[in-house]
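# Overview (structure and organization)
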Amino acid sequence: ANRLRDSLIKHSADLLVAHHAHLTLPDPDAVQDPPLYLRLLDGTAGILILLNGLTIGISQDVDWVGFEYCEAFFASFFIAEILCKLSYFGPKEFLSGLDAGWNWFDIVVVAFAVVDVALTQFERFGAAASADRGIGSLAFIRIARLARLTRLM
């Protein structure tokens, strides 16, 4: 009961100070949901993270050149996802706001995915001398992408 009373008094005091200081308080009912494209982007990203995890697992047992294209597609999508969110929230909010930790995690994981795709292409065209994809195999980083699912829950 004391907590409720204290919060009501604080709210009333805030209103009184705002009125006399000619300030406008933010409307608590004016909290906006993110636009539809961002909500769809989160759902699509979740599905693609699961599919990416599935292709990573299958690619360890099956030798198919198509997995390289799948990895390039996933990396491209995740880059586009980061750019969309960066565009909507702005650099300050995206990199230092409430979700900054997750956003930095996404950036690091996607950067490693891009490096993995690039190294795979260099090896494929003979630019890197690696007998067993030692450098190009960043499977442990690929699996870290699955941790992004916890963000969406």
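Description of the structure in this document. Source: prediction; values computed, not measured.

## What about the overall build of the protein chain?
- Looking only at helices and strands, one finds six helices and zero strands in the protein chain.
- Residues classed as buried in the protein chain amount to 27% of the 153 residues present.
- Put simply, of all contacts in the protein chain between residues at least 6 apart along the chain, 69% involve residues at least 24 apart.
- Entry remark: accessible area of the protein chain is about 10,500 Å², with carbon and sulfur atoms responsible for 68%.

## Considerations on the packing of aromatic side chains
- Here the structure, examined in full by the defined rule, presents six aromatic pairs.
- An angle of 75° between the planes, with centres 5.6 Å apart, marks the rings of Phe77 and Phe78 as edge-to-face.
- Each member of the aromatic cluster is reached from another via a ring pair, and the members are Tyr37, Tyr88 and Phe89.

## Concerning helix H3 (residues 66-96)
- Taking 1.5 Å per residue as the helical rise, H3 with its 31 residues ought to reach 45 Å, whereas the 38 Å between its terminal C-alpha atoms falls clearly short.
- Approximately 115° is the largest bend angle found in H3, and it occurs at Gly90, with the proline Pro91 only one to four residues beyond.
- For H3, the set of buried residues is Gly66, Phe67, Glu71, Phe74, Ala75, Phe77, Phe78, Glu81, Ile82, Lys85, Gly90 and Phe94.

## Section: the nonpolar core
- Membership of the largest hydrophobic core is limited to eleven residues, which are Leu38, Leu41, Ala45, Leu48, Ile49, Phe74, Phe77, Phe78, Ile82, Phe94 and Val110.
- Elements supplying a minimum of two residues to this core: helix H2 (36-59) and H3.
- Dropping the residues within four chain positions of it, Val110 is found in contact with Ala75, Phe78, Ile79 and Ile82.

## As for helix H4 (residues 100-124)
- The end-to-end C-alpha separation of H4 is 36 Å, in line with the 36 Å expected for 25 residues at 1.5 Å each.
- Those residues of H4 lying buried are Ala100, Asn103, Asp106, Val109, Val110, Ala113, Asp116, Val117, Thr120 and Glu123.
- Two residues or fewer after H4 comes Gly126, characterised by a positive phi angle close to 80°.

## Description of the pattern of salt bridges
- For the structure shown, the criterion picks out two salt bridges.
- With a closest N to O distance of 2.8 Å, Lys85 and Asp42 form a salt bridge. Of this pair, Lys85 sits in helix H3 while Asp42 sits in helix H2; the two residues are 43 residues apart in sequence, bridging distant segments of the chain.
- Of the residues examined, Asp42 reaches a relative accessible area of 29% and is grouped as partly exposed.
- Glu81 serves as the salt-bridge partner of Lys85, at 3.3 Å between the closest nitrogen and oxygen. Residue Lys85 and its partner Glu81 are both found in helix H3; the two are separated by four residues, about one turn of the helix.
- On the accessibility criterion, Lys85 (7% relative accessible area) is buried.
- Glu81 gets classed as buried once you look at its relative accessible area, which sits at 3%.

Rules and cut-offs
- Residues numbered from 1 in each chain as written.
- Predicted model: local features only at pLDDT ≥ 70, side-chain atom pairs only at ≥ 80, totals over all residues.
- Heavy atoms only, no water.
- Helix = DSSP H or I, 4+ residues; strand = E, 2+ residues; numbered from the N terminus.
- Buried < 20%, exposed > 50% of the residue type's maximum accessible area, 1.4 Å probe, protein only.
- Contact = heavy atoms within 4.5 Å.
- Areas by Shrake-Rupley, 256 points an atom, 1.4 Å probe, with all protein chains shown as cover.
- Phe/Tyr/Trp six-rings, centres within 6.5 Å; stacked < 30°, edge-to-face > 60°.
- Expected span 1.5 Å × (residues − 1).
- Bend = angle between axes of the 7 residues up to and from the residue.
- Core = buried A, V, L, I, M, F, W, Y, C linked by side-chain atoms within 4.5 Å.
- Salt bridge = Lys/Arg side-chain N within 4 Å of Asp/Glu carboxyl O.

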